[in-house]
Amino acid sequence: MTIKKLWLTAALAMTLTACATGPRLAPAGPFETKAYTVNLLSEWNALPVRTDRNQLATVLTKDGPGLNAVYLFSDMKPGDALYNQVSRSRPVPKFNLDMSDLEMVELVTASLERGARIKSLATQNIRPDTFAGNEGIRFDMTGTTISGLDVEGSALLAVIDGKFNLILFIAPSEYYADKYRGDVDAIFTSVADGTITG
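Read on for a plain summary of the structure. Note on numbering: residues in each chain are counted from 1, in written sequence order. Given that the model is predicted, a residue must reach a pLDDT of at least 70 before its local features are reported, and side-chain atom pairs must reach 80 or more before they are shown or counted; all residues, however, enter totals for whole chains, interfaces and linings. Only hydrogens and water are set aside; all other atoms, that is, all heavy atoms of the structure, feed into the side-chain values.

A few words now on the overall build of the chain. When helices and strands are counted, the chain shows four helices and eleven strands. Here the chain holds 198 residues, and 51% of them are scored as buried. Residues count as neighbours in contact if any of their non-hydrogen atoms are within 4.5 Å of one another. In the chain, 53% of the contacts between residues at least 6 apart in sequence involve partners at least 24 apart. Numbering of helices and strands starts at the N terminus; helices are DSSP runs of H or I of at least 4 residues and strands are runs of E of at least 2. Burial classes follow relative accessibility: with a 1.4 Å probe on protein chains only, a residue under 20% of its type's maximum area counts as buried, one over 50% as exposed, and anything between as partly exposed.

Structural data, given as structure tokens:
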């Protein structure tokens, strides 16, 4: 099975549900969520998705969510989860205001393991950062899908006015993780230091 077929198969297991409105083109320049704005260096496809408790998020992709995806979660309230529950025996974790920085990192990784079927997930280089003028946390990740495909990514998160916000990039390690690295880094940098243009 090719790398593309393997990762597309894994992507189908992810329990984010596409909205009826379908994808749209997001041109270069500012792209707004409910809580923050990111800057796009080039055109992306923007797909609205629904997460746990019917909350709305956005995935930005160039080649399809299974090949490169930047997930934009915003204004998640206490009790919300990033993914819908797949297994009753392994419930997806939910955000709460008492979480420490490391517990919020674990919220992201456990959500990917239980909701997106990525196993053997490891974090690297956890460090403080800024998120739309607020204190944030940034870290890198590597893992393997249930289909055996190596993936990697980065995350930047912050609690703003009592709500959880997250930018999450994930892609197959081979080829796709680096294909649009400049564009992805620009998205993270724009919300971290406020370099919004357009």
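Oppositely charged side chains are able to pair whenever their charged atoms sit close together. Any Lys or Arg side-chain nitrogen located within 4 Å of an Asp or Glu carboxyl oxygen qualifies as a salt bridge. The tally for this structure, following the rule as stated, stands at five salt bridges. A salt bridge links Lys-77 to Asp-80; its shortest N-O distance comes to 3.9 Å. Look at Lys-77 and you get partly exposed, because its relative accessible area is 34%. As a salt-bridge pair, Arg-181 and Glu-152 come within 3.3 Å of each other at their nearest N and O atoms. Within this pair, whereas Arg-181 is found in helix 4 (residues 181–193), its partner Glu-152 is found in strand 10 (residues 150–160), the two being separated by 29 residues in sequence. Take Arg-181: its relative accessible area is 23%, and that puts it in the partly exposed class. By relative accessible area, which is 24% here, Glu-152 ends up partly exposed. Connected through salt bridges with shared partners, the residues Glu-152, Asp-178 and Arg-181 form a single ionic network.

Here we come to helix 4. Side chains of residues three or four places apart in an α-helix project in the same direction, reflecting 3.6 residues per turn. In this scheme, a helix's expected span is set at 1.5 Å multiplied by one less than its residue total. In a regular helix each residue adds 1.5 Å, so 13 residues correspond to 18 Å; helix 4 covers 18 Å between its end C-alpha atoms and thus fits that length. Three or more residues of helix 4 are buried, namely Asp-183, Val-184, Ala-186, Ile-187, Phe-188, Ser-190, Val-191 and Ala-192.

Turning our attention to the environment of Gln-124. Its place among the elements puts Gln-124 in strand 8 (residues 118–131). Look at Gln-124 and you get partly exposed, because its relative accessible area is 31%. In sequence terms Gln-124 and Phe-139 are 15 residues apart; their C-alpha atoms lie 6.1 Å from each other. Not counting the four nearest positions on each side in its chain, Gln-124 is found in contact with Phe-139, Asp-140, Met-141 and Thr-142. Pairs of N or O atoms are called polar contacts if they sit within 3.5 Å, as long as, within protein, a hydrogen donor faces a hydrogen acceptor (for residues adjacent in sequence, only side-chain-to-side-chain pairs). Among the polar contacts made by the side chain of Gln-124, one reaches the side chain of Thr-142 at a distance of 3.0 Å.

A positive phi angle, close to 55 degrees, is found at Asp-161, a residue other than glycine. Relative to the assigned elements, Asp-161 resides in the loop between strand 10 and strand 11 (163–172). Phi at Tyr-175 takes a positive value of approximately 75 degrees, unusual for a residue other than glycine. Residue position: Tyr-175 is located in the loop between strand 11 and helix 3 (176–179).

In short, geometric facts, not functional conclusions.
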